[in-house]
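Coordinate analysis (summary)
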Amino acid sequence: YTPDRIRNFGIVAHVDHGKSTLADRLLELSGLVKPGERESQMLDRLQVERDRGITVKAQTVALPYKGYLLNLIDTPGHADFSAEVSRSLMVCDGILLLIAANQGVQAQTIANFWLAFDRSVQIIPVINKIDLKGVNVEKVENQLKSLFDFNPDEIQRISAKTGLNVAPILDEIIAKCPPPEADPKKPLKAIIFDSLFEHYRGAVAFVLVREGSIRRGQRIRTYHGEKEYDVVEVGIMRPDMTPVSALNAGQVGYVICNMKTTKEATVGEILHAVTTDKSLIQPFVGFKPHKPTVYAGLFPVDTSDYEDLKQAVERLSLNDPSVEIIPDSSPALGLGWRVGFLGVLHMEVFSTRLEQEYDAQVILTQPSVEYRAHIKDNETIRKKRYNGKGEIRIFNASSFPSDESDIEKFLEPMVKVRLVVPAEMMGLVNGLCSEARGERGEITSIDEERMLIIWRLPLAEVVVDFFERLKKMTSGYASFDYEPDGWKESRLIRLNIMINGKEVPEFSQIVPGVMAMARAKLLVSRLKREIPRQQFEVQIKATAGTSTKALSQTIIPPWKKDFLQLLKGNIGKGGMERLNKKLSHQKKGKAKMKMLGNVQIPKEAFYNVLKN
Ligand code: GTP
């Protein structure tokens, strides 16, 4: 295929608008699979994708059609994965913007539109699910007109489920989507836009060849990594990996070249000919990798499972370069990691995959965010305590500056949240956002019934349970999307938990001052629930910073002294045996207790208090 016979396109849609269903229909149309041959949606391969009905890992497939090669780059549809959407857009010259007729334009439709628009990618609007009874297609057309200025004659109307009007979509792609910019005559230059890890063959890099060609046996070099490799295999996805002799300029496919980890195949990396002078290569500027925004502690439920879990975590992260894994340890929970995720959903998916694919039992602690602090402009202080740095990152209580007077200001991360809500619920939703310390942005009406509202919110408020509350409050009628939006000055507090006057470092956290009281109450009430009565009174107290004043406190009363006496007197011989058995059982159980001063705390208490 010459570049003019190639089209590289993606499908983007709000969750559930029918992306996978449409991809399946396109595969059937191209003759790659027979209708109904595979009942499950084959682009959603991973178990968790099937279970949760969402696509996590972008997959690519090459569709032969009427003498053209149409490369469909699959993109995930959830808020947390906009990183993956933008990485797919790097190699797409056009997208199908899919909108379900019954739901109309939703938050992610709008986010996806702007991602593509900003990159000058050709956008083909497609209204799906027109087979559903009672849908008002014209209403959706009006939304597309008022929000994005699409005219009715530019819009496709289909049913991905029944196949109605799907065939013309491929012709539309050939007509509207420009061919890739590619030069077959120059030496090799290919860009990596995705990767996965295979047990025996190492990293598999998905590439778009921009110049020249890449073939088996060729020696290549990476631009950023500056390493040389021998190409073991190149191929295309149809939809399974199918080796070919070469990938030519304009083509999308995969390359296997003995890369040991997906780190060597990072998104945005360039593969080039060994003969090319590096200084002549323009690195790809359009892509910025997304950084983790949400952090959580990850520990094995049983500390003896640490080694197994370590392997599982390493393998899984090979396949998911967007997670950040940092070894961590805690006196109560043992060895583990601090893990950075793109968002809360990403975190859930990662832990579900650990459980399903690796059969691992894990504890994920409540998610937190990264804060920053500006150190006062004083060379001596900066040198002495902060390695000369003017700004430090704060992940948890142990990285919190011990002397707050060193700090000029603290910063917390902000996000821009787009919400599409029914007009009559706007008051409720605005209330929720302002309660979460939000700053209101623009309000646009989508039509008479729904509004698009934009808020700037602290990420710390969003990661707790913002989206759950939003869904509940609007009975699922609100849709949302969010993206990082800089930093804001904030007052941060180190929240400590004291048990009978002794601090328990596992429970210490950094929180914005305004959230401290609620968090203190939550921790104290959970601890009261989890710590069993002792022979003496136990006092639980949450304090802020170096103050000894309680933000929240409670007392666990002691066992009554004469309790055992009472039992012995009343239960007779058989009962006594059972009691002794129970007591010796409890003694064994004590091995699982952690002593804090003279207070015994069951290990589960740590999990149950800290877990999400
Ligand atoms: P994510 O991967 O979560 O982003 O979802 P998706 O956009 O891939 O949606 P998917 O293809 O899984 O479709 C979601 C639901 O809508 C499924 O139950 C489909 O059967 C249904 N669906 C998709 N297209 C149509 C259609 O044209 N008509 C009708 N009636 N239902 C459809």
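Look up a bit, the structure's there.
What comes next is a walk through the structure.

1. As for the packing of helix α7 (residues 306-318) against helix α8 (residues 344-358)
Where α7 meets α8, the closest approach of the two axes is 10 Å, and the angle between their N-to-C directions is 115°. Relative to α8, the crossing made by α7 is right-handed. Residues Leu 309, Ala 312, Val 313, Arg 315, Leu 316 and Ser 317 of α7 form the contact with α8, whose participating residues are Phe 350, Arg 353, Leu 354, Glu 357 and Tyr 358. Each residue belonging to the contact of α7 with α8 can be placed in one class, and the counts come to seven nonpolar, one polar and three charged.

2. Focus: the packing of helix α12 (residues 513-530) against helix α14 (residues 603-610)
Contact geometry for α12 and α14: axes closest at 9 Å, N-to-C directions at 150°. Between α12 and α14, the angle is such that the two are roughly antiparallel. Crossing hand, α12 versus α14: right-handed. Note on element contacts: α14 touches α12 through Ala 605, Asn 608 and Val 609, opposite Leu 523, Arg 526, Leu 527, Arg 529 and Glu 530.

3. Regarding the nonpolar core
Grouped together as the largest cluster of nonpolar side chains are 40 residues, with contacts concentrated most on Ile 394, Leu 419, Leu 457, Phe 467 and Leu 470. Elements supplying a minimum of two residues to this core: β22 (371-375), α9 (379-386), β23 (391-394), β24 (407-422), α10 (426-435), β26 (450-458), α11 (459-473) and β27 (479-490). Of all the elements, α11 adds the most residues to this core, at seven residues. Each residue touching Phe 467, except ones within four places of it in the same chain, is listed here: Val 417, Val 462, Phe 480 and Tyr 482. Formed by 29 residues, the second largest nonpolar core is a distinct cluster that contains Ile 499, Val 504, Ile 531 and Phe 606.

4. Side note on the sheet that holds strand β1 (residues 6-13)
What the six strands build is an open sheet, ordered β2-β3-β1-β4-β5-β6; its pairing is mixed. Of all strands in the sheet, those with a lone pairing partner are β2 (60-65) and β6 (156-157), marking the two edges. Pairing of β1 with strand β3 (residues 68-74) involves six bridges; the strand directions are parallel. Across the sheet, the residue bridging to Gly 10 is Ile 73, located in β3. Seen against the sheet, helix α6 (residues 167-176) touches β1, β2, β3, β4 (94-100), β5 (122-128) and β6 and runs at an angle of roughly 165° to β5.

5. As for the pattern of salt bridges
In total, this model carries 29 salt bridges according to the counting rule given. Among the ionic pairs, Glu 379 bridges to Lys 383, the shortest N-O distance being 3.9 Å. Placement of the pair is Glu 379 and Lys 383 together in helix α9, with a separation of four residues, close to one helical turn. Overall, Lys 383 belongs to the exposed group, its relative accessible area being 60%. Residue Glu 530 is joined to Arg 529 by a salt bridge in which the shortest nitrogen-to-oxygen separation is 3.1 Å. Glu 530 gets classed as buried once you look at its relative accessible area, which sits at 17%. Owing to a relative accessible area of 56%, Arg 529 belongs among the exposed residues under this scheme. Linked through salt bridges whose partners overlap, the residues forming this network are Arg 219, Arg 221, Glu 228 and Asp 230.

6. Focus: the environment of Pro 300
Residue position: Pro 300 is located in strand β17 (residues 294-300). Once you skip the residues sitting within four places of it in the chain, Pro 300 turns out to touch Asp 305, Tyr 306, Leu 309, Leu 335, Gln 361 and Tyr 607.

7. Let's talk about the environment of Thr 162
With respect to the helices and strands, the residue Thr 162 is situated in the loop between β6 and α6. What makes Thr 162 exposed here is its relative accessible area of 54%. For the pair formed by Thr 162 and Arg 25, sequence separation is 137 residues and the distance between their alpha carbons is 9.0 Å. Side-chain polar atoms of Thr 162 contact the backbone nitrogen of Leu 164, separated by 3.2 Å.

8. Quick notes on the sheet that holds strand β10 (residues 219-222)
Read across the sheet, eight strands follow the order β11-β10-β16-β7-β8-β15-β12-β13 without closing on themselves; strand pairing throughout is antiparallel. The open sheet has two free edges, formed respectively by β11 (228-230) and β13 (241-244), since each of these has just one partner strand. When strand polarity is set aside, the average angle formed by the axes of neighbouring strands in this sheet is 40°. In this structure, strand β7 (residues 189-198) lies alongside strand β16 (residues 270-273), joined through three bridges in antiparallel fashion. Bridge pairing links Lys 189 to His 272 in β16.

9. Some thoughts on the packing of aromatic side chains
The final tally for this structure, using the stated rule, is 14 aromatic pairs. Seen in terms of ring centroids, Trp 114 and Phe 117 are 5.3 Å apart; in terms of plane orientation they differ by 75°. Their pairing is edge-to-face. Here Trp 114 and its partner Phe 117 are both found in helix α4 (residues 107-118), three residues apart, which amounts to about one turn of the helix. You can call Trp 114 partly exposed: its relative accessible area is 35%. Here the aromatic rings of Phe 148 and Phe 150 are separated by 6.2 Å at their centres, their planes lie at 70°, and the arrangement is edge-to-face. With respect to burial, Phe 148 and Phe 150 carry one shared label: buried. Each member of the aromatic cluster is reached from another via a ring pair, and the members are Phe 113, Trp 114, Phe 117, Phe 148 and Phe 150.

Procedures and definitions
- Residues numbered from 1 in each chain as written.
- Predicted model: local features only at pLDDT ≥ 70, side-chain atom pairs only at ≥ 80, totals over all residues.
- Heavy atoms only, no water.
- Axes fitted to C-alpha atoms, helices over the stretch in contact; angles between N-to-C directions.
- Helix = DSSP H or I, 4+ residues; strand = E, 2+ residues; numbered from the N terminus.
- Left-handed = near helix turned anticlockwise from the far one by under 90°.
- Contact = heavy atoms within 4.5 Å.
- Nonpolar A, V, L, I, M, F, W, Y, C, P; charged D, E, K, R; others polar.
- Parallel < 35°, antiparallel > 145°, perpendicular 65-115°, else oblique.
- Core = buried A, V, L, I, M, F, W, Y, C linked by side-chain atoms within 4.5 Å.
- Buried < 20%, exposed > 50% of the residue type's maximum accessible area, 1.4 Å probe, protein only.
- Pairing = 2+ DSSP bridges.
- Salt bridge = Lys/Arg side-chain N within 4 Å of Asp/Glu carboxyl O.
- Polar contact = N/O pair within 3.5 Å; in protein donor to acceptor, adjacent residues only side chain to side chain.
- Phe/Tyr/Trp six-rings, centres within 6.5 Å; stacked < 30°, edge-to-face > 60°.

Note that every value here comes from positions in space, so none of it alone points to a role or purpose.
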